[in-house]
Each structure stands twice: as structure tokens, then as C-alpha cells.
Amino acid sequence: MTVFNKSLPVAIGCDHAGYEYKEAIKTYLENAGFTVKDFGTTSPNSVDYPDFAHPTASFVAEGKAAFGILLCGSANGVAITANKHQQVRAGLCWDNEVAKLVRRHNDSNIICLPARFIALPYAIQLIETFYTTEFEGGRHGNRVNKIACM
């Protein structure tokens, strides 16, 4: 079960450090019944993460994606980049409890994964936790409403 709109694609992007994980995650998502919009990269050759994080985040911010997934070595670069976009709340996840909390408390719509620090099966578990965890709202909704710069 997903708490996101499964009729929309999942947006995914990465740099070279996340390329192999991205390809495996796409297969996982498609087998789970999602469609995937891949914003690259398309090889393990060295690239600049903002070139892929920005289009992925824009697609999510425009409401064209159910949610987004970004990968790089530490996930910090893609998270910082994605969070420059209004309507994006990108959460860096390295632990299952963190994946739950970025959804429950922050209503995150992009999960950022550190490909150099977690195993692929765990990355997939974090994604599943992310897309099946509901936002709690309430006091957290008040806080989330204060995040965007206007």
C-alpha cells in the first residue's frame, strides 16, 4: 500500500555514485506497480549531481510525480539541491526510523539515499517505508506550513 498517488510516476535521479542503485530501484518500483520517470544519469561516469537533482525536484514540485527519489554518494548534495525548490521537502534517509519520521513529521515528498553508505536491499526497504508511511498532520502540519520561503 502506498500513501502517494500511484497513478503518477515516481521521479528518480542520481549522480554517478547512485547510478547502479537507481537502475535496480527502477526495476523494484516497476515490479511494485509504479511507473518511473528517470531524470538520469545514464551511466556510472562522473557527473554533477545538481544537473539531475534539479529536474527531479522540479517534477515533484510541479505535482507531476507521486514522490521522488534522489541518490548520490552521501545524499547531502542532492538533498540540499532538491530543497531549494518550493513545494519540495527532501529528507536524507540512512535508517528506517528516519524514513518513517521524514514522512510522519515532515511530509517529505523526496527521499534522498546515500548510495555509498547503505546496502541496496536496505535502500529499497527505506523506499518502501517512505511510500507506505502517512504524514501525521496536526502539530507537524503547522510546522511544515512554516518551511517554505515566500
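Residues numbered from 1 in each chain as written. Predicted model: local features only at pLDDT ≥ 70, side-chain atom pairs only at ≥ 80, totals over all residues. Heavy atoms only, no water.

Engineer: Help me get a handle on the overall build of the protein, residues and values and all.
Structural biologist: Scanning the protein from terminus to terminus reveals six helices and five strands. Relative to the compact-globule value of 15 Å for 150 residues, the protein shows a C-alpha radius of gyration of 14 Å, a close match. Across its three principal axes, the protein shows a C-alpha extent of roughly 45 × 35 × 30 Å. Residue burial in the protein is summarised as follows: out of 150 residues, 51% are buried. For the protein, long-range pairs separated by at least 24 residues make up 71% of all intrachain contacts whose partners lie at least 6 apart in sequence. Between the mean site of the 14 positive side-chain charges and the mean site of the 14 negative ones, the protein shows a separation of 7 Å. (Helix = DSSP H or I, 4+ residues; strand = E, 2+ residues; numbered from the N terminus. Rg over C-alpha atoms; globule rule 2.2 N^0.38 Å. Buried < 20%, exposed > 50% of the residue type's maximum accessible area, 1.4 Å probe, protein only. Contact = heavy atoms within 4.5 Å. Lys, Arg positive; Asp, Glu negative; His and termini not counted. Charge placed at Lys NZ, Arg CZ, Asp CG, Glu CD.)

Engineer: Break down the environment of V98 for me, citing the residues and quoting the values.
Structural biologist: On the secondary structure map, V98 appears in helix α4 (residues 96-104). Note: C-alpha distance between V98 and L126 (28 residues apart in sequence) is 8.8 Å. Ignoring sequence-local partners within four residues, the contact set of V98 consists of L92 and C93.

Engineer: Got a sec to walk through the layout of surface pockets? Specific residues and values, please.
Structural biologist: By volume, the largest pocket is sized at about 220 Å³. Looking at the largest pocket, the residues that line it are N83, K84, H85, Q86, Q87, V88, R89, V144, N145, I147, A148 and C149. A class-by-class count of the residues in the lining of the largest pocket yields five nonpolar, five polar and two charged. (1 Å grid on protein atoms, 1.4 Å probe; cavity = no way out; pocket = protein on both sides within 12 Å on 5 of 7 lines; lining within 4 Å. Points joined across faces, edges and corners; volume = space filled by probe spheres on them. Nonpolar A, V, L, I, M, F, W, Y, C, P; charged D, E, K, R; others polar.)

Engineer: Quick one: what's the story with the packing of aromatic side chains, residue by residue and with numbers?
Structural biologist: Inspection of the entire model under this criterion finds seven aromatic pairs. Summarising the aromatic geometry, the rings of F67 and Y131 are spaced 6.0 Å apart at their centres and angled 25° between planes, so their arrangement reads as stacked. Of this pair, F67 sits in the loop between α2 (50-61) and β3 (68-72) while Y131 is found in helix α5 (residues 120-132), placing the two residues 64 residues apart along the sequence. Neither residue differs from the other here; F67 and Y131 are each classed as buried. Each residue in the set F4, F34, F67, F130 and Y131 is aromatic and connected to the rest through ring pairs, giving one cluster. A cation over an aromatic ring shows up here: K37 above the ring of F39, its NZ or CZ 5.4 Å from the ring centre. (Phe/Tyr/Trp six-rings, centres within 6.5 Å; stacked < 30°, edge-to-face > 60°. Lys NZ or Arg CZ within 6 Å of the ring centre and 35° of its normal.)

Engineer: Describe the pairing of strand β1 (residues 10-14), naming the residues involved and giving the relevant values.
Structural biologist: Of all five residues that make up β1, five are buried, and the element is covered over most of its length. Side chains V10, I12 and C14 of β1 all project onto a buried face; the interleaved residues A11 and G13 project onto the opposite face, where all are buried too. Across three bridges, the pairing between β1 and strand β2 (residues 36-38) is parallel. Across the sheet, A11 pairs through a bridge with K37, a residue of β2. Where the polypeptide runs from β1 across helix α1 (residues 19-31) and back to β2, its parallel neighbour, the crossover connection is right-handed. Note that β1 and β3 share four bridges and pair parallel. Bridge assignment links I12 to a residue of β3, and that residue is I69. (Pairing = 2+ DSSP bridges. Right-handed = clockwise from strand over helix to strand, strands pointing away.)

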